[in-house]
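# Observations on the three-dimensional arrangement
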Amino acid sequence: SKNSTVNSDKSQEQAASQSSLSTATTPTAERRYVMAWEELVSTERSYVRFLQAVCEVFSGDSTKAASSELPPLPRAIHDNRALIIVNMPDQLRFHRDRFLPQLIACDGDAEKIKKLFQNSFSSMVDLYSAYCRHYERASQIALTLECDPVHSQWMSQYNLYLHALESADELTLQDSSTEPAADEDSTEQTTNGGGATARRRTSTPSRPVLSFSARLLSPAQRFQRYHLLLDRLKGYATNGTEKECLSKAHQEMVDLCTTVNTLMRIPVLTVSSCICINALNSV
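Parameters at a glance
- Residues numbered from 1 in each chain as written.
- Predicted model: local features only at pLDDT ≥ 70, side-chain atom pairs only at ≥ 80, totals over all residues.
- Heavy atoms only, no water.
- Bend = angle between axes of the 7 residues up to and from the residue.
- Helix = DSSP H or I, 4+ residues; strand = E, 2+ residues; numbered from the N terminus.
- Buried < 20%, exposed > 50% of the residue type's maximum accessible area, 1.4 Å probe, protein only.
- Contact = heavy atoms within 4.5 Å.
- Phe/Tyr/Trp six-rings, centres within 6.5 Å; stacked < 30°, edge-to-face > 60°.
- Polar contact = N/O pair within 3.5 Å; in protein donor to acceptor, adjacent residues only side chain to side chain.
- Core = buried A, V, L, I, M, F, W, Y, C linked by side-chain atoms within 4.5 Å.
- pLDDT = per-residue confidence, 0-100.

A word on helix 6 (residues 88–106). Of all the bends in helix 6, the greatest, near 40°, is centred on His 95. Within helix 6 the residues assigned to the buried category are Met 88, Pro 89, Gln 91, Leu 92, Phe 94, His 95, Arg 96, Phe 99, Leu 100, Leu 103 and Cys 106. Residues of helix 6 that are buried sit in contact with helix 2 (29–57), helix 5 (82–85), helix 7 (110–147) and helix 10 (218–235). Remark: Asp 107 follows helix 6 within two positions and exhibits a positive phi of approximately 50°.

Further remarks concern the packing of aromatic side chains. In the structure shown here, the tally under the stated rule is ten aromatic pairs. Relative to Phe 99, the ring of Phe 94 has its centre 5.8 Å away and its plane inclined at 25°; by these criteria the two rings are stacked. There is no split in this pair, since Phe 94 and Phe 99 are both buried. Summarising the aromatic geometry, the rings of Phe 99 and Tyr 226 are spaced 5.8 Å apart at their centres and angled 65° between planes, so their arrangement reads as edge-to-face. Here Phe 99 is found in helix 6, whereas its partner Tyr 226 is found in helix 10, with 127 residues between them in sequence. Here the two residues Phe 99 and Tyr 226 agree in accessibility, since each one is buried. Chaining the aromatic ring pairs together yields one cluster made of Phe 58, Trp 154, Tyr 158 and Phe 212.

Below, the discussion takes up the environment of Arg 96. Mapped onto the fold, Arg 96 is located in helix 6. By relative accessible area, which is 15% here, Arg 96 ends up buried. Arg 96 sits 45 residues away from Leu 51 along the chain, and the two C-alpha atoms are 8.9 Å apart. Within polar-contact distance, the side chain of Arg 96 engages the side chain of Asp 97 at 2.9 Å.

Before going further, it helps to spend a moment on the nonpolar core. Grouped together as the largest cluster of nonpolar side chains are 65 residues, with contacts concentrated most on Phe 58, Met 88, Ile 113, Phe 117, Phe 212 and Phe 223. Within the residue set of this core, elements represented by two or more residues are helix 2, helix 5, helix 6, helix 7, helix 8 (152–167), helix 10 and helix 11 (240–282). A per-element tally of this core places helix 7 first, with 14 residues. Once residues lying within four places of it in the same chain are set aside, the contact partners of Phe 117 are Phe 99, Leu 103, Tyr 226, Leu 230, Ala 249, Glu 252 and Met 253.

This part takes up the confidence of the model for the chain. When the pLDDT values of the chain are averaged, the result is 81; 71% of them are 70 or greater. Mean pLDDT across the secondary structure elements of the chain bottoms out at strand 2 (residues 197–201), with 39, and peaks at helix 6, with 98. Long-range and interchain partners of residues 169–205, a stretch whose pLDDT sits below 50, account for 78 contacts in this model, where long-range means more than four residues apart. Residue range residues 269–278 is modelled with pLDDT below 50. Its contacts to residues more than four positions away, or to other chains, number zero contacts.

Despite not being glycine, Glu 69 shows a phi value in the positive range, around 60°. Structurally, Glu 69 can be placed in the loop between helix 3 (62–67) and helix 4 (75–79). Even without being glycine, Asp 107 reaches a positive phi, approximately 50°. Note on placement: Asp 107 falls in the loop between helix 6 and helix 7.

As C-alpha cells, this is what we get:
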C-alpha cells in the first residue's frame with residue numbers, strides 16, 4: 001500500500017511537470033502576436049534590401065561598376081534601366097524612406113497599423129499597377145539576355161553581385177551607395193573586356209542564387225503578401241478593438257490586390273474595344 005502511494009505521488013509529479021513544461025513551451029497569444037508582427041517588419045526589411053541591391057547594381061554608375069569589377073552595362077540598358085528594373089527605384093524610395101520607417105514606428109499598435117495601410121493604399125496602387133503592367137516585358141528582356149551567348153556573361157556577373165549585396169549584413173537601409181562587406185572567401189569572375197579574370201570578394205551565399213528574370217517576380221509577390229501577414233497578425237490579436245483595426249488594414253490590402261488586378265485588365269479591355277469598334281466601322 002505504501003509503495004502504491006509512492007508510485008501515485010511520482011505519477012502526479014511527472015504529470016504536473018509535463019503540464020508545466022507544455023505550458024512553458026507553448027507560445028501565448030501575446031507572444032504569437034509579437035512573432036507575427038516581427039515577421040511583418042522583417043520581411044519588409046528584406047524587401048527593401050532587395051530593392052536597394054537592384055537599384056545599386058543597375059545604377060548605371062560606371063565608376064561604381066569599375067570599382068566592383070563589373071563590366072559596364074550595354075548602352076541600351078544603361079540609357080533605359082526601366083527596361084529590366086521597371087519602377088523599382090520609385091518602389092525603393094517609397095518603402096525605404098516612408099513605409100518601412102512608419103511601419104517600425106507602429107511598434108505593433110493595431111490602430112497605427114490600420115492608419116498606415118489606409119494612408120499607403122493609393123501609393124501602392126500606383127506603384128504596383130505600373131510595375132505589373134510592365135513586368136512581362138521586363139522579364140522577357142531579362143530572360144533573353146540571360147540566354148544570349150554574348151549578354152549572358154555580364155547578366156550572370158550582375159546577378160551574382162546583386163545576391164552578394166542583398167545578403168551582406170553590412171548593407172544599410174538608408175544609404176544605397178554603401179559598399180558591401182566581404183568575407184574571407186573570394187570568387188574568380190571573368191570580365192568582358194579582354195577576357196581577363198578579376199578576383200572579387202563576395203559574401204558566402206546563404207540561399208540558392210535565382211536568375212534575375214526570376215527575381216523580377218518579387219515585387220508582385222510582395223504586395224500580395226501583405227494581406228496574408230495582416231490576417232495572421234489579426235488572428236493573434238487579444239481584444240476586439242485590435243481585431244477590428246487589423247481587419248480594416250487587412251481589407252485594405254485585399255482591395256489593393258483587387259484594384260491592381262483590375263487596372264492590369266484595363267489596357268487589354270481598351271485594345272479589345274478598339275478592335276471591335278474598328279471592325280464595326282469597316283462593315
